[in-house]
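A structural walkthrough
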Amino acid sequence: MGLLLPSLQVQRDFEELPPEAVPQLRDSLLQLLLRFGKGTPSVRTQLCLAMAALAAHLPAAQWGEGGVLRWLMERFSGQDPAVAMSCMLELLTVLPQEADSRKISCRPERRAAFQAELRAAIPDALNLLTSCLSQTGETVRSQVSESLGCWLKLSGGAGLPAGFASSPLVAAALDGLSVEGTFHAAVDAIVELIWVTVDPHNSIPNPAMTDLAQHLVVKVMALRPRFSVALRKAIAEHEGRDGGGDDVDDEFDDDEETVKGMARLFCEMAEAYIQLVLAATPEVGPCLAPTM
């Protein structure tokens, strides 16, 4: 229960604090983050939730030029790189997730302003995530893809920087489909990538995102052989046959959750690109027809 107190207090009781106590609270949360950044993940998560709740209450101007992201970058600069990386990646995930959180007891106008502040910070957030890709390891790349999906969902396809479709973040998410440790985070990110290429309300394609849509279709549909093998194995098992026998290709060995992830990608892509399929768009329609 003690782990929940910082985030609960900031979420619910912030307006009871005297204004002069806010800077001290902010600095205390930062010091706790630096102290426990490499410790138990649940502790770090609760402290990040508390920092996100504080950002929801405090206008960007009170964080200085550049808002909460710039403030955090400056404070983590010069710290232990491993601690700074783990904390920053979690904060980059939690901030967009909490943009619409009703657990944070702030006034509606402040919540709307917080969402607008975060949307304005999307280019900075994406630059930070891109810089994190310089670190090796599946854990970091999985966290980057998870965070990318959260910022894309917040963006609704608006405010993305020029050239985003060819950014290292998109490449990292797509490459993550071929690595077991990054697969599920990659699926989440790619689902959001799919929806930023169309109007989410009517699936009308965004002309500026045509190249990205085409690239996503090629990469996702390349999963069909893996999915087909999993399907044949499932049928063989249901019929009481050995799924690894001659009847079934043994090249892939995906577990049930991975198969669900592939199915999710096929379904999301078919739903998002229905207009392209119906219009028989040459770059996309024929590739997607088997999913319909």
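Everything that follows concerns the structure shown earlier in this document.
Residues numbered from 1 in each chain as written. Predicted model: local features only at pLDDT ≥ 70, side-chain atom pairs only at ≥ 80, totals over all residues. Heavy atoms only, no water.

Next up on the list: the overall build of the protein chain. A tally of helices and strands in the protein chain yields 15 helices and zero strands. Within the protein chain, the proportion of its 292 residues that are buried is 47%. Here the contacts in the protein chain between residues at least 6 apart in sequence split such that 66% fall between residues at least 24 apart. Summing over all exposed atoms, the protein chain offers an accessible surface of approximately 14700 Å²; the carbon and sulfur share of this is 53%. (Helix = DSSP H or I, 4+ residues; strand = E, 2+ residues; numbered from the N terminus. Buried < 20%, exposed > 50% of the residue type's maximum accessible area, 1.4 Å probe, protein only. Contact = heavy atoms within 4.5 Å. Areas by Shrake-Rupley, 256 points an atom, 1.4 Å probe, with all protein chains shown as cover.)

Take the packing of aromatic side chains next. For any pair of aromatic rings, the description consists of the separation of the ring centres together with the inter-plane angle of the planes. Per the stated rule, a full pass over the model turns up two aromatic pairs. On the basis of an interplanar angle of 80° and a centroid distance of 5.2 Å, the ring pair of tryptophan 63 and tryptophan 71 is categorised as edge-to-face. Like tryptophan 71, tryptophan 63 is buried. Judged by centre distance (5.4 Å) and plane angle (90°), the ring pair of phenylalanine 227 and phenylalanine 266 falls under edge-to-face. On the criterion of sequence distance, the pair formed by phenylalanine 227 in helix H12 (residues 224-238) and phenylalanine 266 in helix H13 (residues 256-272) is long-range, its members being 39 residues apart. Take phenylalanine 227: its relative accessible area is 24%, and that puts it in the partly exposed class. With relative accessibility at 11%, the residue phenylalanine 266 sits in the buried group. (Phe/Tyr/Trp six-rings, centres within 6.5 Å; stacked < 30°, edge-to-face > 60°.)

Right, let's get into helix H4 (residues 67-76). All of the buried residues in H4 are Gly67, Val68, Leu69, Trp71, Leu72 and Phe76. In this structure, the buried residues of H4 make contact with helix H2 (22-36), helix H3 (41-57), helix H5 (81-97), helix H7 (122-132) and helix H8 (138-155). Just past H4, the residue glycine 78 takes up positive phi, approximately 90°.

Between H5 and H8, whose axes approach to 8 Å, the crossing angle comes to 25°. It follows from the interaxial angle that H5 and H8 lie roughly parallel. The handedness of the crossing between H5 and H8 is left-handed. Each of Leu89, Leu92, Thr93, Leu95, Pro96 and Gln97 in H5 lies in contact with H8, whose residues at this interface are Val140, Gln143, Val144, Glu146, Ser147, Cys150, Trp151 and Leu154. The residue makeup of the contact of H5 with H8, split by class, is nine nonpolar, four polar and one charged. (Axes fitted to C-alpha atoms, helices over the stretch in contact; angles between N-to-C directions. Parallel < 35°, antiparallel > 145°, perpendicular 65-115°, else oblique. Left-handed = near helix turned anticlockwise from the far one by under 90°. Nonpolar A, V, L, I, M, F, W, Y, C, P; charged D, E, K, R; others polar.)

A few words on the environment of glutamine 11. Among the secondary structure elements, glutamine 11 is positioned in helix H1 (residues 5-13). Separated by 41 residues in the primary sequence, glutamine 11 and alanine 52 place their C-alpha atoms 9.0 Å from one another.

Right, let's talk about the side chain of glutamine 115 for a bit. Secondary-structure assignment places glutamine 115 in helix H6 (residues 108-120). Of note is the side chain of glutamine 115, whose polar atom sits 3.1 Å from the side chain of aspartate 100. Setting aside its immediate chain neighbours within four residues, glutamine 115 contacts Ala99 and Asp100. (Polar contact = N/O pair within 3.5 Å; in protein donor to acceptor, adjacent residues only side chain to side chain.)

So, about the side chain of serine 147. Within the fold, serine 147 resides in helix H8. Judged by relative accessible area, serine 147 falls into the buried class, the value being 0%. Within polar-contact distance, the side chain of serine 147 engages the backbone oxygen of leucine 92 at 2.9 Å.

Turning our eyes to something else, we now look at H6. When the terminal C-alpha atoms of H6 are compared, their 18 Å separation across 13 residues agrees well with the 18 Å that a helix rising 1.5 Å per residue should span. Taken together, the buried positions of H6 are Arg110, Arg111, Phe114, Gln115 and Leu118. Along the axis of H6, the buried residues cluster in a sector spanning 140°; they form a single face. Looking at H6, the residues exposed on the side facing more than 90 degrees away from the buried face are Glu109 and Ala120. Residues of H6 that are buried sit in contact with H3, H5, H7 and H8. (Expected span 1.5 Å × (residues − 1). Arc of directions from axis to C-beta.)

Taken as a whole, this structure holds eight salt bridges when the rule is applied. One salt bridge in this structure joins arginine 75 and glutamate 74, with 3.4 Å as the shortest N-O distance. Taking the relative accessible area as the measure of exposure, arginine 75 reaches 31% and is therefore partly exposed. Of the charged contacts, one joins arginine 110 and glutamate 117 as a salt bridge, the two residues approaching to 2.9 Å between their closest N and O atoms. (Salt bridge = Lys/Arg side-chain N within 4 Å of Asp/Glu carboxyl O.)

With respect to the helices, strands and loops of the structure, alanine 121 is situated in the loop between H6 and H7. With relative accessibility at 11%, the residue alanine 121 sits in the buried group. For the pair alanine 121 and glycine 66, spaced 55 residues apart in the sequence, the C-alpha separation amounts to 7.9 Å.

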